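Spelled out from the first residue to the last, the chains are:
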Amino acid sequence: MNMKVLNDDTLLNYLLNNKCGKSKNNIKSLLKNKCIYVNNKCVTRFDYKIYKNDVISVKQCRCEVDILYEDNDLIVVNKEAGLLTVSIDNKDTKTLYKEVSKYVKTKNKNNKVFIVNRLDRDTSGIVLFAKNQEFKYLLQGSWNEIVRVRKYDAIVHGCLKSDGHIENYLTENKEHIVYSSKTGKKAITDFKVVKSKDEFSYIEVYLSTGRKNQIRVHLKEYGHPIVGDRKYGIKDNSKRLMLHASYLEFLNPKTNKIIKINCDCPFKNFI
């Protein structure tokens, strides 16, 4: 794809505003992976200054994953809705794990990745992979202590007027359906209303615990199921589950530095 610049701008702004079919995160990933060229020169800086009559080229990238953050021990990626994080059987199914593994092997065929957290198949957003087994265990072993903020964006049925707090115990039955009970694992969910219109509300969800299907079950039992939820919701015409892991803030237990990951919500303009 070649595009001719009409006005002076920064490279990121130009790509965002000229219908190249990529999100902000996608564009930054393309820059990082050396897929953007200005006048046939490879550019990796998002604030690179471009001028009228410059020619921008977007070339095919070997990396098919949307990388949000990467260092010597960690890769954080944006999982698309409908993609399994890891395989649930031995079939040759496309998974996020396989795509990230393919990416690291382009740098060194002996490189490996190790899954740190997972998202439901139909949920999109932030997923962490460690580049070595020691860092995987370090993160997982101290997960509740190192995580500062876990935020999801969601569209729910109904017009919510105020923020909410949900706290109970969750249990899973033999059919893998999660429900609230007097026993089980404690689950705590808070949400803030961003905006409401007619029969839908856009909310930010904050987790204090991370139980299986926690957000989906809590919002259903609160009376406002997530749009597109085929398992716990109500029938609607949505083509996807409107749930996205949009922000994660945690302490790197190896360096003691705070890492903040933002991941643009793909349905933020739904309402």
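Residues numbered from 1 in each chain as written. Predicted model: local features only at pLDDT ≥ 70, side-chain atom pairs only at ≥ 80, totals over all residues. Heavy atoms only, no water.

## Thoughts on the environment of Asp-153
The following threshold applies: Helix and strand assignments follow DSSP, with helices taken as H or I runs no shorter than four residues and strands as E runs no shorter than two, numbered in order from the N terminus. Exposed residues in this analysis have more than 50% of their type's maximum accessible area, buried residues have under 20%, and partly exposed residues fall in between, with area computed by a 1.4 Å probe over protein chains only. A contact between two residues is defined here by any heavy atoms of the two lying within 4.5 Å.
As for its placement among the helices and strands, Asp-153 is situated in strand E11 (residues 147–157). Judged by relative accessible area, Asp-153 falls into the buried class, the value being 7%. Taking C-alpha positions, Asp-153 is 7.9 Å from Met-242, a pair spaced 89 residues apart along the chain. Ignoring any residue separated from it by four or fewer positions in sequence, one finds Asp-153 in contact with Tyr-202, Ile-203, Glu-204, Met-242, Leu-243, His-244, Ser-246, Cys-265 and Phe-267.

## Thoughts on the packing of aromatic side chains
Rules: The pairing test for Phe, Tyr and Trp rings, Trp by its six-membered ring, is centres within 6.5 Å, and the orientation test on the planes gives stacked under 30 degrees, edge-to-face over 60, and tilted for anything in between.
Here the structure, examined in full by the defined rule, presents four aromatic pairs. Taking 6.5 Å as the distance between ring centres and 40° as the angle between the ring planes, the aromatic pair formed by Tyr-97 and Phe-129 counts as tilted. Of this pair, Tyr-97 sits in helix H3 (residues 96–105) while Phe-129 sits in strand E10 (residues 124–130), placing them 32 residues apart in sequence. Note on Tyr-97: relative accessible area 31%, which makes it partly exposed.

## Here's the deal with the state of the cysteines
Using the following cut-off: Cysteine sulfur atoms are paired as a disulfide whenever they fall within 2.5 Å.
On inspection of all chains with the given rule, the structure shows zero disulfides. Of all cysteine sulfurs in the structure, the one in Cys-35 sits closest to Cys-42, which takes part in no disulfide; the separation is 7.9 Å. Of all cysteine sulfurs in the structure, the one in Cys-265 sits closest to Cys-263, which takes part in no disulfide; the separation is 8.7 Å.

## A short note on helix H6 (residues 214–221)
The α-helix winds at 3.6 residues per turn, so residues separated by three or four positions along the chain end up facing the same way. Of all eight residues in H6, six are buried, a share of seventy percent or more. All buried positions along H6 are accounted for by Gln-214, Ile-215, Arg-216, Val-217, His-218 and Leu-219. For H6, the elements touching its buried residues are E11, strand E12 (164–172), strand E13 (178–181), strand E14 (185–197), strand E15 (200–207) and strand E16 (243–251). A positive backbone phi angle near 100° is found at Gly-223, which sits one or two residues after H6.

## Points about the sheet that holds strand E4 (residues 41–42)
Hydrogen bonds between backbone groups are what pair the strands of a sheet, and the pairing can be parallel or antiparallel. Here is the rule: Two strands form a pair only when DSSP identifies at least two bridges running between them.
Taken together, four strands build an open sheet; the order of strands is E1-E6-E3-E4 and the sheet is antiparallel. Each edge of the open sheet is held by one strand with a lone partner, namely strand E1 (2–4) and E4. For E1 and strand E6 (residues 55–58), the ladder comprises three bridges, and the chain directions are antiparallel. If you follow Lys-4 over to E6, its bridge partner there is Val-55.

## Focus on the nonpolar core
Applicable threshold: Throughout this description, the term nonpolar core refers to a set of buried Ala, Val, Leu, Ile, Met, Phe, Trp, Tyr and Cys residues connected via side-chain atoms within 4.5 Å.
Counting 55 residues, the largest nonpolar core has Leu-128, Val-205 and Phe-250 as the members making the most contacts within it. With residues near it in sequence (within four places) discarded, Val-205 still touches Arg-150, Lys-151, Tyr-152, Ala-154, Thr-189, Asp-190, Phe-191, Ile-215 and Leu-219. Counting residues in each nonpolar core, the second largest holds 16 residues, with Val-38, Val-43, Ile-56 and Val-58 among its members.

## As for the pattern of salt bridges
Operational definition: Whenever Lys or Arg places a side-chain nitrogen within 4 Å of a carboxyl oxygen from Asp or Glu, that contact is recorded as a salt bridge.
All told, the structure shown has 12 salt bridges when counted by the stated rule. A salt bridge links Lys-151 to Glu-204; the nearest nitrogen and oxygen atoms lie 3.9 Å apart. Taken together, the residues Lys-151 in strand E11 and Glu-204 in strand E15 connect sequence positions 53 residues apart. For Lys-151, a relative accessible area of 14% translates into the label buried.

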